[in-house]
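An overview of the molecular structure
Below are the chains, spelled out letter by letter.
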Amino acid sequence: MSSSASSSDLLDRFAAIVGEKHAVRDPAEIAPHLVENRGLYHGASPMLLKPGSVEEVSAILKLASETGAAIVPQTGNTGLVGGQTPREGGSDIILSLERMNRIRDIDPVGNTMIVDGGCILADVHKAAAKHGRMFPLSLGSEGSCRIAGNLSTNAGGTAVLAYGNMRQLCLGLEVVLPTGEIWNGLRRLKKDNTGYDLRDLFIGAEGTLGVITGAVLKLFPQPLGHQVAFAGLQSVDDALTLFKNASSLCGTALTGFELMPRIGVEFTTRHIPGVRDPLETVHPWYVLIDISTSDSVETAERMMTALLEQGYEAGLIQNATIASSETQQKAIWHMRESMSDAQKPEGGSIKHDVSVPVAQIPQFMAEAEKAVVAAMPGARVCAFGHMGDGNIHYNISQPVGADKAEFIGRWREINKIVHGLVLQHGGSISAEHGIGQLKRDELASIRSEIEIDLMRRIKTAFDPAGIMNPGKVLKV
């Protein structure tokens with residue numbers, strides 16, 4: 001905090017901007033905002049600010065830059081790398097966008113929607129559907145995560161294969177800079193080559209360069225045909241071959257291709273209420289195949305049937321089922337989306353959000369499991385994810401009967417093993433969750449000196465006072 005004003009006086013100045021009702025000082029009310037989703041990071045904060053307008057956000061950041069007060073932007077608090085968690089020192093002020101949740105405009109002809117940064121993702125889905133459109137970003141946390149957070153982490157989700165991640169789903173931004181200046185870049189244009197693309201600097205910056213208060217999102221026509229299948233396979237190699245076949249046969253209609261191990265299915269059926277194994281037979285690996293077509297239900301049905309028949313004939317598929325209703329489709333997807341949470345009752349879980357080139361997935365999976373089990377006998381690898389875009393959630397549950405604290409204490413050691421193999425295969429240690437606090441130091445060790453230096457220059461140029469989400473992404 002500023003040396004020119006006492007902490008109490010400065011907090012009063014911040015409160016005056018949003019009104020006392022929206023300047024929370026009650027520790028009990030602030031407490032849920034201090035803990036990261038997995039409990040890896042616990043911070044402290046004297047105040048939670050809930051601005052209701054872009055102008056209030058501007059005034060908050062202007063005052064923060066003038067006084068040196070650190071600001072931590074937070075939306076749904078669903079991040080998994082500690083990027084939204086204040087530091088332990090107790091002086092970081094949390095800025096929540098929960099009150100800024102308007103759908104500002106929908107253009108079904110131009111297929112765009114302008115929203116506040118605090119809009120909940122599920123509400124965006126509903127608003128688009130009312131106009132016969134869809135916003136394709138889909139996440140397990142979509143009932144609570146918010147658009148500014150999705151943009152700040154360049155969220156991916158289950159439909160990246162067909163539609164891309166948030167960077168591809170956003171046309172323009174409105175951002176309040178650390179100085180309090182407001183950049184209105186809410187352009188609906190798909191083609192705009194007028195200088196540097198400032199939008200891309202803020203997407204994926206994890207709140208370190210400014211606060212995203214508005215966005216122009218891309219919409220798409222609602223698909224008329226939709227098919228979901230669940231297939232059992234013998235190996236990851238077979239899954240890769242089936243994916244190649246699906247890509248050739250379905251093209252852009254292939255909207256999802258998810259890879260899951262037997263242990264993941266066992267965890268979800270054991271611990272997630274209502275989840276059932278879609279197949280009566282047991283298999284080492286499974287894939288969830290999602291096909292969406294714009295013309296008709298019949299087209300989607302023909303594609304799925306042809307793909308599965310081809311897979312059976314080639315010996316790739318051992319057993320499969322096609323969801324016969326929307327309820328069954330959602331049930332299969334629910335099983336996949338619950339796989340991470342299903343690990344919690346099994347004890348400690350060391351998680352990795354990595355990506356490798358799609359063709360390298362089988363080799364990476366085999367090498368990683370061998371290395372992890374050699375380092376930690378009895379470790380239970382539950383690796384699953386978006387095979388179509390190479391993003392694998394390489395999670396490891398503790399050995400049965402092991403001490404949870406001791407297991408979690410080896411997090412960095414196991415990270416080093418898995419991430420080392422990821423880099424050998426030309427992959428990334430952060431596919432869709434970001435860097436935050438969890439991977440900040442590792443980022444500095446794997447990127448070139450010039451890359452880190454350029455990132456620091458950008459940070460300094462946008463945030464000369466160093467008040468935006470300090471301690472995240474970069475050591476500055």
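Small disclaimer: the values here were computed from a predicted structure and weren't measured.

The complete set of buried residues in helix 4 (residues 121-129) reads Leu121, Ala122, Val124, His125, Ala127 and Ala128. For helix 4, the elements touching its buried residues are strand 5 (103-107), strand 6 (112-116), strand 7 (133-134), helix 5 (147-152) and strand 10 (211-218).

Quick look at unusual backbone geometry now. In this structure, Asn111 is a non-glycine residue whose phi angle is positive, near 55°. Within the secondary structure layout, Asn111 lies in the loop between strand 5 and strand 6. Residue classification places Asn111 among the buried residues on the basis of a relative accessible area of 19%. For Val473, which is not glycine, the phi dihedral falls at a positive 70°. Residue placement: Val473 occurs in the segment after helix 16 (449-462). A relative accessible area of 13% places Val473 in the buried class.

Turning our attention to the packing of helix 12 (residues 361-375) against helix 14 (residues 411-424). Their axes nearest at 10 Å, the elements helix 12 and helix 14 cross at an angle of 155°. Here helix 12 is positioned roughly antiparallel relative to helix 14, judged by the angle of their axes. Once helix 12 is placed against helix 14, the crossing between them reads as right-handed. Side by side, helix 12 and helix 14 meet where Phe364, Glu367, Ala368, Ala371, Val372 and Ala375 of the first sit next to Glu413, Ile414, Ile417, Val418, Leu421 and Val422 of the second. The residue inventory of the contact of helix 12 with helix 14, partitioned by class, reads 10 nonpolar, no polar and 2 charged.

The next thing to look at is the nonpolar core. Considering soluble globular proteins, one finds that nonpolar side chains tend to be buried as a cluster. Membership of the largest hydrophobic core comes to 59 residues, with the highest contact counts inside it found for Phe14, Leu61, Phe135, Ile147 and Leu173. Of all the elements in the fold, those that place two or more residues in this core are helix 1 (7-18), helix 3 (54-67), strand 4 (93-96), strand 6, helix 4, helix 5, strand 8 (170-176) and strand 10. Ranked by residues supplied to this core, first place goes to helix 3 with 6 residues. Among residues more than four places away in sequence, those in contact with Leu61 are Ile71, Leu95, Val176, Leu177, Pro178, Gly180, Val211, Ile467 and Met468. Leu254, Ile317, Val356 and Val372 belong to the second largest nonpolar core, which has 51 residues in total.

Taken as a whole and judged by the stated rule, the model has 6 aromatic pairs. Judged by centre distance (5.9 Å) and plane angle (25°), the rings of Trp183 and Phe202 are stacked. Of this pair, Trp183 sits in strand 9 (residues 182-185) while Phe202 sits in helix 7 (residues 198-202), placing them 19 residues apart in sequence. One exposure class covers both Trp183 and Phe202, and it is buried. Ring geometry for Phe202 and Phe462: centres 5.4 Å apart, planes at 85°, overall edge-to-face. Remark: Phe462 occurs in helix 16 and Phe202 occurs in helix 7; sequence separation between them is 260 residues. By the burial criterion, Phe202 is buried, and Phe462 matches it. Site record: aromatic cluster; members linked through ring pairs are Trp183, Phe202 and Phe462.

Before going further, it helps to spend a moment on the pattern of salt bridges. Enumeration over the complete set of coordinates arrives at 26 salt bridges. Across the pair Glu326 and Lys330 runs a salt bridge, and its minimum N-O distance is 3.4 Å. Remark: Lys330 and Glu326 occur in helix 11 (residues 326-337); sequence separation between them is 4 residues, near one turn of the helix. Like Glu326, the residue Lys330 is exposed in the burial classification. For Glu413, the salt bridge identified is with Arg410, shortest N-O distance 2.8 Å. Looking at Arg410, the relative accessible area reads 25%, which means it is partly exposed. Here the salt bridges do not stand alone but share partners, grouping Arg102, Arg104, Asp116 and Glu174 into one network.

We now examine the UniProt feature "domain: FAD-binding PCMH-type" (unreviewed entry) in the protein. The UniProt record annotates "domain: FAD-binding PCMH-type" (unreviewed entry) at residues 41-222. This span, residues 41-222, is 21% helix and 24% strand, and a straight line between its end C-alpha atoms measures 39 Å.

Once that is clear, we can look at the sheet that holds strand 2 (residues 48-49). Strands sit in the order 1-2-4-3 across an open sheet of 4 strands; the sheet is mixed. A strand with exactly one partner marks an edge of an open sheet, and here the two such strands are strand 1 (23-24) and strand 3 (71-74). Both strand 2 and strand 4 contribute to a ladder of 2 bridges, which runs parallel. For Leu48, the partnering residue across the bridge sits in strand 4 and is Ile94.

For strand 12 (residues 225-233), a buried count of 8 out of 9 residues is recorded, marking the element as mostly surrounded by other parts of the structure. Pairing of strand 12 with strand 14 (residues 285-293), which is carried by 9 bridges, proceeds in the antiparallel orientation. Counterpart to Ala229 in the pairing with strand 14 is Ile289. In this structure, strand 12 lies alongside strand 15 (residues 317-322), joined through 5 bridges in antiparallel fashion. Residue pairing across strands places Ala231 opposite Ala320, the latter belonging to strand 15.

Okay, the sheet that holds strand 10 next. One open sheet holds the 5 strands; their spatial order is 5-6-10-8-9, and the pairing between them is antiparallel. Strands at the two margins of the open sheet, each flanked by one partner only, are strand 5 and strand 9. Put simply, the sheet's adjacent strands are angled 10° from each other on average, direction ignored. On top of the sheet, helix 3 reaches strand 5, strand 8, strand 9 and strand 10; it is set at about 50° to strand 8, its chief contact. Across the face of the sheet, helix 4 comes into contact with strand 5, strand 6 and strand 10 while running at roughly 145° to strand 6.

What counts, and where the lines are drawn
Residues numbered from 1 in each chain as written. Predicted model: local features only at pLDDT ≥ 70, side-chain atom pairs only at ≥ 80, totals over all residues. Heavy atoms only, no water. Buried < 20%, exposed > 50% of the residue type's maximum accessible area, 1.4 Å probe, protein only. Helix = DSSP H or I, 4+ residues; strand = E, 2+ residues; numbered from the N terminus. Contact = heavy atoms within 4.5 Å. Axes fitted to C-alpha atoms, helices over the stretch in contact; angles between N-to-C directions. Parallel < 35°, antiparallel > 145°, perpendicular 65-115°, else oblique. Left-handed = near helix turned anticlockwise from the far one by under 90°. Nonpolar A, V, L, I, M, F, W, Y, C, P; charged D, E, K, R; others polar. Core = buried A, V, L, I, M, F, W, Y, C linked by side-chain atoms within 4.5 Å. Phe/Tyr/Trp six-rings, centres within 6.5 Å; stacked < 30°, edge-to-face > 60°. Salt bridge = Lys/Arg side-chain N within 4 Å of Asp/Glu carboxyl O. UniProt positions renumbered as here; feature names shortened; annotations may be inferred. Pairing = 2+ DSSP bridges.

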